[in-house]
Amino acid sequence: MPTTDPLVDAYIAQSGDFAKPILTKLRAVAHKACPDVIEKIKWGAPAFEYKGPLCGMVAFKKHCAFGFWKSELLFRDKDSTFVKAGEKLSWGVKGRDPEAARITAISDLPSDAVLLKIIKEAKRLNDEGVALPKRKPESVPLPKDFEAAMKKVKRAAANFEAFAPSHKREYIGWITEAKREETRRARIATAVEWISEGK
């Protein structure tokens with residue numbers, strides 16, 4: 001009998017009607033392929049762990065996605081069965097079409113046999129302690145208007161310079177995602193204030 005998490009039950013229950021059978025099937029296959037898998041809600045969506053992160057699923061308004069923590073190791077060989085049969089499962093692999101991750105019906109999924117094979121391969125990677133290759137984070141260019149605003153507040157500029165690259169990217173992303181110019185200006189002002197306080 002698989003060990004399930006009531007929070008995952010609740011997540012599936014409140015998902016769209018189209019998503020419920022997809023999520024239920026993916027959950028069942030994950031448990032079948034790896035009976036010792038542990039369910040959790042991570043980043044607001046169901047995740048499956050076995051000796052570390054294994055795979056996860058998420059429901060959006062019109063589609064679902066299912067992916068693997070070590071997807072780049074599973075889907076690295078372009079001629080592999082995993083890529084051909086698992087295209088819709090390979091979201092997160094750099095350079096792959098994001099449309100490939102859209103699962104709108106059970107018929108979009110590979111066969112159970114292929115799903116089981118992929119999950120068992122992900123399990124094997126965790127059993128053997130295979131780690132993802134270390135990657136140097138990509139630097140994100142500092143927007144000129146944000147840089148100019150920080151130069152006016154020396155403490156903000158100094159604090160920002162001392163931040164970890166991930167924190168810098170979060171601020172830059174928040175600012176550059178603004179759709180309207182007035183929103184962008186407001187975010188820059190808020191960011192400079194927070195950064196000067198060391199937040």
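Below: a short report on this structure. From a predicted model like this one, the values you see are computed outputs, not experimental measurements.

1. Quick word on the overall build of the protein chain
Reasoning step 1: Looking only at helices and strands, the protein chain has 9 helices and 4 strands in total.
Reasoning step 2: N-terminal to C-terminal, the α/β element order of the protein chain is α-α-β-β-β-β-α-α-α-α-α-α-α.
Reasoning step 3: Within the protein chain, buried positions represent 39% of all 199 residues.
Reasoning step 4: Within the protein chain, contacts between residues at least 6 apart in sequence are counted, and of these 58% link residues at least 24 apart.
Reasoning step 5: Approximately 12,100 Å² of the protein chain is accessible, and the part contributed by carbon and sulfur atoms is 55%.

2. Notes on the pattern of salt bridges
Reasoning step 1: The tally for this structure, following the rule as stated, stands at 13 salt bridges.
Reasoning step 2: Among the salt bridges present, the one from D127 reaches K51, with a minimum N-O distance of 2.9 Å. A residue pair is termed long-range when its members are at least 10 positions apart, and D127 in helix 5 (residues 112–127) and K51 in the loop between strand 2 (45–49) and strand 3 (53–59) qualify at 76 residues.
Reasoning step 3: The salt bridge involving R124 is made with E128; its shortest N-O contact spans 2.6 Å.
Reasoning step 4: Residue class for R124 comes out partly exposed when judged on its relative accessible area of 32%.
Reasoning step 5: Taken together, the shared-partner salt bridges in this structure form one network comprising D9, R27 and E39.

3. Here's the deal with the sheet that holds strand 1 (residues 38–42)
Reasoning step 1: The 4 strands are arranged 1-2-3-4 in an open sheet whose pairing can be described as antiparallel. Two strands lie at the open edges of the sheet, namely strand 1 and strand 4 (64–68), each paired on one side alone. Shown here is a sheet whose adjacent strand axes are inclined to one another by a mean of 20°, direction ignored.
Reasoning step 2: Note that strand 1 and strand 2 share 5 bridges and pair antiparallel. Following the sheet pairing, I41 is matched in strand 2 by P46.
Reasoning step 3: Packed onto the sheet, helix 1 (residues 6–13) meets strand 1, strand 2 and strand 3 and runs at close to 60° relative to strand 1.

4. Things to note about helix 5
Reasoning step 1: End to end, helix 5 covers 22 Å across 16 residues, agreeing with the expected 22 Å (1.5 Å per residue, within 8%).
Reasoning step 2: One or two positions beyond helix 5, positive phi appears at G129, with a value near 70°.

5. Regarding helix 9 (residues 181–196)
Reasoning step 1: The terminal C-alpha atoms of helix 9, which comprises 16 residues, lie 23 Å apart, in line with the 22 Å expected from a rise of 1.5 Å per residue.
Reasoning step 2: Within helix 9, the full set of buried residues consists of R184, I188, A191, V192, I195 and S196. Projected down its long axis, helix 9 shows its buried positions confined to an angular sector of 120°, all on one face.
Reasoning step 3: The elements touched by buried residues of helix 9 are helix 6 (144–151), helix 7 (154–162) and helix 8 (165–176).
Reasoning step 4: Of the residues one or two after helix 9, G198 is the one with positive phi, at around 85°.

6. Describing the packing of helix 6 against helix 9
Reasoning step 1: One can describe the packing of helix 6 onto helix 9 by two numbers: an axis separation of 10 Å at closest approach and a directional angle of 40°. The orientation of helix 6 relative to helix 9 falls into the category oblique. Between helix 6 and helix 9 the crossing geometry is right-handed. Every residue of helix 9 that contacts helix 6 at D145, F146, A149 and M150 is listed here: R184, I188, A191, V192 and I195.

Conventions adopted
- Residues numbered from 1 in each chain as written.
- Predicted model: local features only at pLDDT ≥ 70, side-chain atom pairs only at ≥ 80, totals over all residues.
- Heavy atoms only, no water.
- Helix = DSSP H or I, 4+ residues; strand = E, 2+ residues; numbered from the N terminus.
- Buried < 20%, exposed > 50% of the residue type's maximum accessible area, 1.4 Å probe, protein only.
- Contact = heavy atoms within 4.5 Å.
- Areas by Shrake-Rupley, 256 points an atom, 1.4 Å probe, with all protein chains shown as cover.
- Salt bridge = Lys/Arg side-chain N within 4 Å of Asp/Glu carboxyl O.
- Pairing = 2+ DSSP bridges.
- Axes fitted to C-alpha atoms, helices over the stretch in contact; angles between N-to-C directions.
- Expected span 1.5 Å × (residues − 1).
- Arc of directions from axis to C-beta.
- Parallel < 35°, antiparallel > 145°, perpendicular 65-115°, else oblique.
- Left-handed = near helix turned anticlockwise from the far one by under 90°.

Remember that the coordinates give geometry; whether it matters functionally is a separate question.
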